[in-house]
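# What the coordinates show
Each chain, written out:
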Amino acid sequence: MTVTGPTATNVALEETVRAGLELPGFTMLDKMAAWVRTRVEGEICAKIVARMGLAAQDRVARLLEVASTR
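Owing to the predicted nature of the structure, the values given are computational and were not obtained by experimental measurement.

### A few points about the environment of Glu43
With respect to the helices and strands, the residue Glu43 is situated in helix 2 (residues 26–51). Judged by its relative accessible area of 42%, Glu43 falls in the partly exposed class. Measuring from C-alpha to C-alpha, the distance between Glu43 and Val17 comes to 28 Å, with 26 residues separating the pair along the chain.

Right under this line is the structure:
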């Protein structure tokens, strides 16, 4: 089971308190949660891309192209 978002933060805080550890400041917790979200979302995207054929990958890549305004 993968836990993400606010739930992941709550689980991490509960485990930290249960272990009797001192909690870092909010800014550090926020940075840590962002790092975890980035990794999890990256892994999800990599799994999706791995299941796509080359033609589908090309179509998705073309969606990200920006047309010239000239």
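### Some remarks on the pattern of salt bridges
Considering all chains together, one arrives at 3 salt bridges under this definition. The salt bridge involving Glu15 is made with Arg18; its shortest N-O contact spans 2.6 Å. Placement of the pair is Glu15 and Arg18 together in helix 1 (residues 5–18), with a separation of 3 residues, close to one helical turn. Residue classification places Glu15 among the partly exposed positions, given a relative accessible area of 41%.

Thresholds, definitions, all that
- Residues numbered from 1 in each chain as written.
- Predicted model: local features only at pLDDT ≥ 70, side-chain atom pairs only at ≥ 80, totals over all residues.
- Heavy atoms only, no water.
- Helix = DSSP H or I, 4+ residues; strand = E, 2+ residues; numbered from the N terminus.
- Buried < 20%, exposed > 50% of the residue type's maximum accessible area, 1.4 Å probe, protein only.
- Salt bridge = Lys/Arg side-chain N within 4 Å of Asp/Glu carboxyl O.

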